[in-house]
Structures are given as structure tokens and as C-alpha cells.
Amino acid sequence: MKHHTWDSKIRKIILLLMLFTIGSPAQIALADQTSTSTENVSNFSIKDYENSSALQLAKAVRSKRVTSVQLVNFAYQEIEKQDSSLHAMITLRRDEALKEANEIQDTGQPFLGVPILLKGLGHTIKGGSNTNGLYFEKDVVTQGTSRITKAFQDEGFIVIGQTNFPEMGIKNITDSKLYGPTGSPWNPKYQSGGSSGGSASGVAAGYAPVATGSDSGGSIRIPASWNGIIGFKPSRAVTKFDSKSEYNQTSHFAETKTMADANKLFEDFSNGTADDVKLDPKTMKIAYTTQSPVNTPVSADAKRAVKNAVDFLKSQGYQVEEVKYPVNGMELMNDYDIIGAGSSGIINYLAKNKLKRDLEIGDVDLTTWAIYQLGKAITKDDVSNAWDSVNKMTEQMQQFHQKYPIFLTPTTASTAPKVGDPLMTSNLEKRIRNMDGLSKEDKTKLVLDQWIPALTYSPFTQISNLTGEPAISLPTYISSAGLPLGIQLNAARGNDRLLLQIGDLFESNNKFNQRHVENNSHNNVVNKPKPTLKPKPIPQPQPQRPVSVPGLQVDDGSSNIKQPASKENKRLVKENHPDYSLVGNRVSIAKPDIKHQILPQTGNKKSALSIVGIIAFSGVIYLEFVKKES
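Throughout this description, residue numbers start from 1 for each chain and increase along the sequence as written. Only residues with pLDDT of at least 70 are given local features in this predicted model, and only at 80 or more are side-chain atom pairs given and counted; all residues enter the totals for whole chains, interfaces and linings. Working from all heavy atoms in the structure, the side-chain values ignore hydrogens and water.

**Observations regarding the overall build of the protein**
Thinking step 1. Regarding its fold elements, the protein presents 20 helices and 17 strands.
Thinking step 2. Per-residue burial for the protein yields a buried fraction of 61% across its 630 residues.
Thinking step 3. Throughout, a contact is declared for two residues whenever any of their heavy atoms are within 4.5 Å. Across the protein, every contact between residues at least 6 apart in sequence was considered, and the portion connecting residues at least 24 apart equals 79%.
Thinking step 4. Calculation of accessible area relied on Shrake-Rupley with a 1.4 Å probe; when residues are assessed, cover is drawn exclusively from the protein chains displayed. Surface accessibility of the protein: about 24300 Å² in total, with carbon and sulfur atoms responsible for 53%. Starting at the N terminus, helices and strands are each numbered in turn, a helix being any DSSP run of H or I of at least four residues and a strand any DSSP run of E of at least two. Only protein chains enter the accessibility calculation, which uses a 1.4 Å probe; a residue whose area is less than 20% of its type maximum is buried, one above 50% is exposed, and one in between is partly exposed.

Take a look at the structure:
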């Protein structure tokens with residue numbers, strides 16, 4: 001009887017221990033503390049993540065349909081599946097992002113807990129890479145976070161990593177020898193564009209619904225065109241974080257999938273100086289052209305994209321008129337080159353600081369070298385004269401917009417070039433290598449000549465940066481080869497909201513063609529299959545000093561130049577630096593997640609080891625009691 005009593009008691013103890021182990025939220029032995037018990041609150045899927053806007057994701061977080069931690073994990077799943085073929089990311093910050101997502105508090109942020117990609121150039125974050133795309137700065141890590149990054153974080157975004165860009169942000173393709181090329185998710189064999197190439201590719205691939213970008217000559221709009229997303233460049237000095245200088249040509253904003261996200265970001269970042277003009281088909285004439293401002297060819301696809309837009313606008317009651325390009329494009333590009341070269345001394349500053357010597361031709365891309373060489377030849381008066389010329393063209397555009405508030409062109413003159421296309425002839429390469437002894441006039445001509453192969457792809461974007469006017473690229477066209485191409489709309493300075501409204505008009509009438517916006521009623525393209533290769537890590541860079549020097553686009557609001565175009569001469573680099581090799585697409589890959597059992601009663605993550613341990617411990621107690629009783 002005594003034995004039976006103890007046996008009954010022990011059985012009850014074991015039962016209670018097992019129930020406690022399985023049901024109690026407190027028992028989470030060896031669990032991953034970063035992945036919290038709130039991760040399995042709903043059936044919100046990765047497909048939902050891919051097809052939602054940033055505002056929709058924030059609403060889902062706020063209504064507890066999903067957690068920020070889940071969203072961040074979805075982002076990393078997308079990157080793991082695709083980035084080995086796209087190379088959109090240069091760094092990841094998994095541990096930090098998951099911690100921030102777990103700890104974020106709802107204080108009314110419009111983008112609460114939503115993942116965002118951060119452009120690797122200028123938009124710095126503490127502990128992140130800060131190389132400017134220069135191979136000799138490959139180990140530089142920033143010690144602080146820029147005000148632009150903080151502005152996005154204040155909106156509720158969680159930064160998951162930094163995106164790829166060309167050397168110094170100069171080119172209209174992303175292909176530095178430090179990080180390698182970035183492809184478009186529509187077809188990774190084709191370029192994502194530059195300089196916000198990694199940001200645009202990542203958004204189009206579904207890594208995140210928004211990525212930061214900067215635009216000094218088309219660097220938000222060109223990648224938007226070639227990745228089938230929205231690329232908006234605000235007017236000069238209308239946002240809280242952009243420079244108010246009349247000599248600033250860089251605007252900082254974002255690559256987005258939806259107009260709702262673009263509108264909300266603009267309203268939150270606006271400093272109140274933009275006009276509140278309304279789109280009105282009865283009073284507003286729209287001008288358009290498919291003529292290249294530099295007399296380069298324009299593809300049939302680009303012309304067709306504009307014609308489709310013209311037909312749609314006419315159907316909506318707008319007066320649309322074909323015009324000649326309103327300014328001298330060759331003069332504009334000459335001024336653009338002079339102004340850019342005037343700030344190129346920053347490159348030599350960085351070389352002296354890191355290499356303890358002056359810049360040499362093997363240190364940089366040939367395009368960068370050509371601009372630097374011109375910069376050594378020109379004077380302050382040359383730069384001043386270039387701005388005087390730009391001011392005259394600005395007045396021409398102001399007069400133009402009095403008659404035509406909106407100006408429509410292709411964003412790019414063609415769909416994207418293939419990854420690996422040189423965009424520079426061997427003759428131009430030879431001339432650049434031997435340009436030291438040229439006169440200032442001959443250097444100026446050479447720099448303009450060397451842009452032409454790449455400028456042929458994107459001749460329409462630079463004017464807005466010099467005049468300070470807003471411009472937007474809308475994803476309206478897909479070629480027969482399945483490649484996207486955008487249309488660009490430009491307006492008078494301060495009429496940013498006019499462009500956002502016309503973007504709304506196209507989107508609300510199902511004129512957008514995108515990969516990942518299935519649950520948005522304003523979309524008519526089904527998602528395409530995605531690559532499944534996994535990325536490979538490269539060594540973590542060692543901390544170094546931050547870069548904050550006026551000049552080229554090496555920091556947020558202080559940057560003021562960027563040029564489009566051209567391909568690096570890898571053979572020359574190997575000749576000068578045999579130890580140089582292409583670095584992979586990633587600075588760091590976070591530790592893999594530990595697999596834990598997910599218990600249906602609570603959704604808590606517990607390791608199987610904790611359950612086995614408690615059962616074994618209970619068994620030992622039972623055997624000891626049995627032994628004593630016998």
C-alpha cells in the first residue's frame with residue numbers, strides 16, 4: 001500500500017513537470033533570445049511580405065498580425081535566396097536589426113518595424129562599411145550614423161543592411177572592383193543601374209519595400225527605370241536633410257514600390273517649402289519629347305513607353321504636346337563635367353589619407369581617373385562660369401514650365417545594358433591613360449567624349465540635378481525581352497507634389513508594371529520566379545575613421561556631384577596591383593539561426609533539449625523513490 005501511494009505521488013509529480021515544461025512560457029532553455037515569443041502570432045507569410053507596401057506592413061505590425069521580428073527575418077530569407085546572383089547587398093546587420101525589431105516601441109511611427117535597405121554610399125550607420133566604393137578603403141568602417149539614416153529610423157524603419165553602388169557614386173551602372181556588379185531581379189544578366197543600384201535591385205527583388213537612395217545626376221531614377229520601381233528626386237532644398245546651397249545637385253530620398261510610401265515619406269521629410277499645387281487636366285499642358293538632349297539614339301522601347309503614357313494622359317483629358325528638347329544638352333553636359341571635376345580633389349584627399357601618397361591611375365576606375373585629371377586642370381573661375389551657364393538654362397526651364405507645368409521623357413533611352421558591358425571603347429581607354437599631358441581644353445573634350453557610350457543609355461536625367469527641379473521615374477513599361485523601362489516626369493522647382501499626384505494617377509489606373517505588388521490593386525504583372533542561390537560571405541572589415549569631407553558623394557548632405565557612365569579597366573588594375581581581386585558581394589553574414597521547437601499552445605520557442613532534460617530528471621526522481629521503497 002505504501003509503495004502504491006508513493007508510486008501515485010511520483011506519477012503526479014512527473015505529470016506536473018511535463019505539463020509545466022510543455023505549457024509554460026517561462027521554460028525556454030537554450031532558446032534564441034533574439035527571436036521572441038511573438039514571432040508566431042499569425043499566418044502572415046513571406047508572400048504577404050513581398051507584396052505589401054511599407055505602410056501596409058506597418059499597419060500589420062501595429063494590428064499584431066505580424067511582428068517586426070518576423071518581417072526582418074523575411075527580409076533575410078529573401079536576401080539568402082537571391083543575393084548570390086544579384087549582389088545588391090554589401091553588408092548585413094542581422095543581430096542588430098533583430099534586436100532593434102524586438103525592442104521597438106510604438107510611438108506612432110508611420111513605418112513601425114518595417115525593414116529598409118540603406119544605400120552604402122553616404123547614408124552611413126554606426127559600425128557599417130564606409131568605403132566610397134574605393135578598393136584602397138575596403139576596410140573603412142564608420143563610427144557614426146548620418147542624419148539621413150536617423151531620419152529614416154525615426155520613421156520606424158529597421159535597417160537590415162547596406163546596398164551596392166559604383167565607385168564614388170560616379171557611374172550610371174553599379175560595377176566597382178571592390179564589390180562587383182549588381183544585376184536586376186528581372187534578369188540578373190542585366191545591370192541594375194547606378195548609383196543607387198543595390199537599393200533599387202533589392203526593392204524590386206522583395207528584400208524590403210523601401211530603400212534609401214541619393215541622386216546627383218539620375219542615381220535614384222536610372223536604377224528605378226531598370227528595376228521597375230518608383231524613383232523620386234525631390235526639388236533642391238525642399239527636404240529637412242538636403243543642403244540648402246544653390247550649388248547643391250544631390251537630393252536624398254528613396255526607392256519605393258508604391259506611391260503611397262513615396263507620398264508619406266515626402267510629406268514627413270518636407271521642410272514646408274514645396275508648393276501645394278493641384279493636378280488639373282483643364283488648365284495644365286503636358287509637354288513630351290523622345291529626342292535625346294545630346295543627339296544620341298533613343299530606342300524603340302523608350303519611344304513606345306512615352307507614346308503609351310501620352311495616349312493614357314490624353315484619355316484622362318490632358319492636353320499633351322510634342323516639343324523639342326528645351327535646352328542645349330551638350331552645353332548642359334559640358335557644365336555638368338566641369339562642376340563635377342571641380343569637386344574631384346576629394347579622391348586624392350582620400351588616397352593621401354589612406355595610402356600616404358597621391359592618387360595613381362591603378363587605384364581607381366578609369367572614369368574616376370578622367371574626372372580627377374580634369375579637376376587638376378580647371379580653376380574656380382571655370383566652375384563659376386559653368387554655374388552661370390546652368391543658371392541661364394534654369395531660367396529657360398522656368399519659362400518652359402510656365403507653359404508646360406509637366407515635361408515627359410523616357411527615364412532611360414534604352415533598357416539596361418548587360419552586366420559586363422564595357423560602356424567605354426578601347427580608344428577612349430587609351431586616351432585616358434595618356435591624358436596627363438593634354439591641355440585643359442583637350443581634357444574637357446575627352447571627359448565629355450568618354451561619357452558618351454554610357455550617356456547614350458541615360459541622357460535625360462542630369463538636367464533636374466543642375467536646375468534643382470523635381471523629377472520622378474514611373475514603372476510603366478516592360479519590353480518584349482521582359483526588361484523594365486521607366487518614364488520620367490519633370491516639373492518646376494517646388495512642384496514636387498504635382499509629380500507625386502501624376503504618379504498616383506498612373507498607379508490608380510493600373511499603369512504600373514512591377515514584380516512584387518500583387519495585393520496592390522494598381523498592379524498588373526505577376527511575380528516572376530526568383531533565383532535560389534545563397535550568397536557567400538567575405539571577411540569583416542576592421543574599424544577605421546569615418547569619412548566626412550565636402551566634395552564627391554561621400555557623406556549625406558555635403559555631397560554635390562556625381563557623373564553617370566562607364567566601365568572600369570580591370571586589366572589596368574591587375575597590371576598595377578596584382579594582389580587586387582574582386583571582392584564578394586557581402587561584408588558580413590550573420591550567424592545562422594538555431595532551430596527550435598515551436599510549441600502550438602503558446603507559440604514560444606523552446607529547445608528540444610530542455611524538454612528531454614526535464615523528462616529525464618523526472619525519471620531519475622521516480623527511480624530513486626522506487627529503489628528506496630523496494
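**Focus on the side chain of S68**
Thinking step 1. In this structure, S68 sits in helix α4 (residues 68-86).
Thinking step 2. The term polar contact refers here to a pair of N or O atoms within 3.5 Å; inside protein, the definition further demands a hydrogen-donor-capable atom paired with an acceptor-capable atom, and it admits residues adjacent in sequence only when both atoms are side-chain atoms. From its side chain, S68 meets the backbone oxygen of G113 in a polar contact 2.8 Å long.
Thinking step 3. In contact with S68, not counting residues within four places along its chain, are V61, A101, I104, G113 and I158.

**As for the packing of helix α10 (residues 300-315) against helix α18 (residues 496-508)**
Thinking step 1. Note on geometry: axes are C-alpha line fits, over the in-contact stretch for helices, and angles between N-to-C directions span 0 to 180 degrees. Two numbers describe how α10 lies on α18: the axes approach to 12 Å, and their chain directions differ by 90°. The angle between α10 and α18 places the two elements in the roughly perpendicular class. From α10, A309, F312 and L313 reach across to α18, where they touch I502, L505 and F506.
Thinking step 2. Amino acid classes used here: Ala, Val, Leu, Ile, Met, Phe, Trp, Tyr, Cys and Pro are nonpolar; Asp, Glu, Lys and Arg are charged; the rest, including Gly, are polar. Class assignment for the residues of the contact of α10 with α18 results in six nonpolar, no polar and no charged. Oblique is the label for every angle not falling under 35 degrees (roughly parallel), over 145 degrees (roughly antiparallel), or within 65 to 115 degrees (roughly perpendicular).

**Things to note about the environment of T107**
Thinking step 1. By the secondary structure assignment, T107 is in the loop between α5 (94-103) and β2 (115-119).
Thinking step 2. With 49 residues separating them along the chain, T107 and G156 place their C-alpha atoms 8.9 Å apart.

**Brief notes about unusual backbone geometry**
Thinking step 1. Following G194, the chain continues into S195 via a peptide bond in cis, with omega recorded as 10°.
Thinking step 2. Relative to the elements of secondary structure, S195 occurs in the loop between β7 (187-191) and α7 (197-205).
Thinking step 3. Phi is positive for K64, close to 65°, though the residue is something other than glycine.
Thinking step 4. Note that K64 resides in the loop between α3 (54-62) and α4.

**Observations concerning the pairing of strand β11 (residues 285-288)**
Thinking step 1. With four bridges joining them, β11 and strand β12 (residues 319-322) adopt parallel strand pairing. Counted as the bridge partner of Y288 is E322 from β12.
Thinking step 2. Each parallel crossover has a hand, and the one from β11 via α10 to β12 is right-handed.
Thinking step 3. Where β11 and strand β13 (residues 406-410) come together, three bridges link them in parallel fashion. The residue of β13 that forms the bridge with I286 is I406. Any two strands are treated as partners once DSSP identifies two or more bridges connecting them. We call a crossover right-handed when, viewed with the strands running away from us, the connection from the first strand over the helix to the second turns clockwise.

**As for the confidence of the model for the protein**
Thinking step 1. Mean pLDDT for the protein: 83, with 75% of residues reaching 70 or above.
Thinking step 2. With pLDDT under 50 throughout, residues 14-41 is counted as low confidence; its partners more than four residues away or in other chains account for 59 contacts.
Thinking step 3. What pLDDT reports is the predictor's confidence in each residue, on a scale of 0 through 100. Segment residues 519-618: pLDDT under 50, and 330 contacts once partners within four positions in sequence are set aside and those in other chains are kept.

**Structural notes on the side chain of T290**
Thinking step 1. Examined against the element boundaries, T290 turns out to sit in the loop between β11 and α10.
Thinking step 2. Non-local contacts of T290, meaning those with residues more than four positions away in its chain, are made with V298, K303, V306, P410 and F460.

**Regarding the pattern of salt bridges**
Thinking step 1. What counts as a salt bridge is simple: a side-chain nitrogen of Lys or Arg found within 4 Å of a carboxyl oxygen of Asp or Glu. Within this structure, the stated rule accounts for 25 salt bridges.
Thinking step 2. The salt bridge involving K171 is made with D365; its shortest N-O contact spans 3.1 Å. On the criterion of sequence distance, the pair formed by K171 in the loop between β3 (158-163) and β4 (175-176) and D365 in the loop between α12 (345-355) and α13 (366-377) is long-range, its members being 194 residues apart. We note that K171, like D365, is buried.
Thinking step 3. What you see here is one network of salt bridges that share partners, running through K171, D175 and D365.

**Some remarks on α10**
Thinking step 1. Multiply 1.5 Å by the residue count of a helix minus one, and that product is the helix's expected span. With 16 residues, α10 should reach 22 Å at 1.5 Å per residue; the first-to-last C-alpha distance of 22 Å fits that figure.
Thinking step 2. Listing the buried residues of α10 in full gives D301, A302, A305, V306, A309, V310, F312 and L313.
Thinking step 3. In this structure, the buried residues of α10 make contact with β11, β12, β13, β14 (471-478), β15 (484-491) and α18.

**Here we look at the packing of aromatic side chains**
Thinking step 1. By convention, a stacked pair of Phe, Tyr or Trp rings (six-membered ring in the case of Trp) has centres within 6.5 Å and planes under 30 degrees apart, an edge-to-face pair has planes over 60 apart, and any other such pair is tilted. Taken as a whole and judged by the stated rule, the model has 15 aromatic pairs.
Thinking step 2. The rings of F111, F152, F157, F241 and F269 are connected pair by pair, giving a single aromatic cluster.
Thinking step 3. The residue whose ring lies beneath R94 is Y76, and the NZ or CZ to ring-centre distance is 4.6 Å. Criterion for a charge above a ring: Lys NZ or Arg CZ within 6 Å of the ring centre, and within 35 degrees of the ring normal.

**Observations concerning helix α6 (residues 147-154)**
Thinking step 1. Taken as a whole, α6 has its buried residues at I148, T149, A151 and F152. Seen from one end, α6 has its buried residues packed into an arc of 155°, which puts them on one side.
Thinking step 2. The secondary structure elements touched by the buried residues of α6 are β2, β3, β8 (210-215), β10 (251-256) and α9 (259-269).
Thinking step 3. Positive backbone phi, approximately 105°, marks G156, located one or two places after α6. When we speak of the arc, we mean the arc of directions from the helix axis to the C-beta atoms.

**Concerning the nonpolar core**
The nonpolar side chains of soluble globular proteins are, as a tendency, buried together.
Thinking step 1. Grouping buried Ala, Val, Leu, Ile, Met, Phe, Trp, Tyr and Cys residues that are joined through side-chain atoms within 4.5 Å yields what is termed a nonpolar core. Counting 140 residues, the largest nonpolar core has L313 and L408 as the members making the most contacts within it.
Thinking step 2. Residues contacting L313, with those up to four places away along its chain left out, are I286, Y318, V320, L408, I502, L505 and F506.
Thinking step 3. Counting nine residues, the second-largest nonpolar core is a separate cluster that includes Y190, W226, A416 and Y457.

**Some details on the environment of N227**
Thinking step 1. Note on placement: N227 falls in helix α8 (residues 221-227).
Thinking step 2. By relative accessible area, which is 1% here, N227 ends up buried.
Thinking step 3. Through-space distance from the C-alpha of N227 to that of N187 is 9.4 Å; in sequence the pair is 40 residues apart.
Thinking step 4. Apart from residues no more than four positions distant in its own chain, N227 is found in contact with S184, P185, W186, S192, A200, S201, A204 and P484.
Thinking step 5. Of the polar contacts made by the side chain of N227, one reaches the backbone oxygen of S192; its length is 2.9 Å.

**Focus on the packing of α9 against α18**
Thinking step 1. Put simply, α9 and α18 touch, their axes get as near as 10 Å, and they point 165° apart. One finds that α9 runs roughly antiparallel with respect to α18. Relative to α18, α9 is oriented so that their crossing is left-handed. Together, M259, A260, A262, N263, F266 and E267 of α9 and D496, R497, L500, G503, D504 and E507 of α18 make up the contact between the two elements.
Thinking step 2. Residues of the contact of α9 with α18, tallied by class, amount to five nonpolar, two polar and five charged. By convention the crossing between two helices is left-handed if the near helix lies anticlockwise of the far one by an angle smaller than a right angle, and right-handed if it lies clockwise.

**Examining the environment of T411**
Thinking step 1. Among the secondary structure elements, T411 is positioned in the loop between β13 and α15 (426-433).
Thinking step 2. In this structure T411 comes out as buried when scored by relative accessible area, which is 0%.
Thinking step 3. As for T411 and A302, which are separated by 109 residues in sequence, their C-alpha atoms are 8.2 Å apart.
Thinking step 4. Ignoring sequence-local partners within four residues, the contact set of T411 consists of R221, I222, S225, F460, T461, S473, G486, I487 and Q488.
Thinking step 5. A polar contact of 2.9 Å, which involves the side chain of T411, links it to the side chain of S473.

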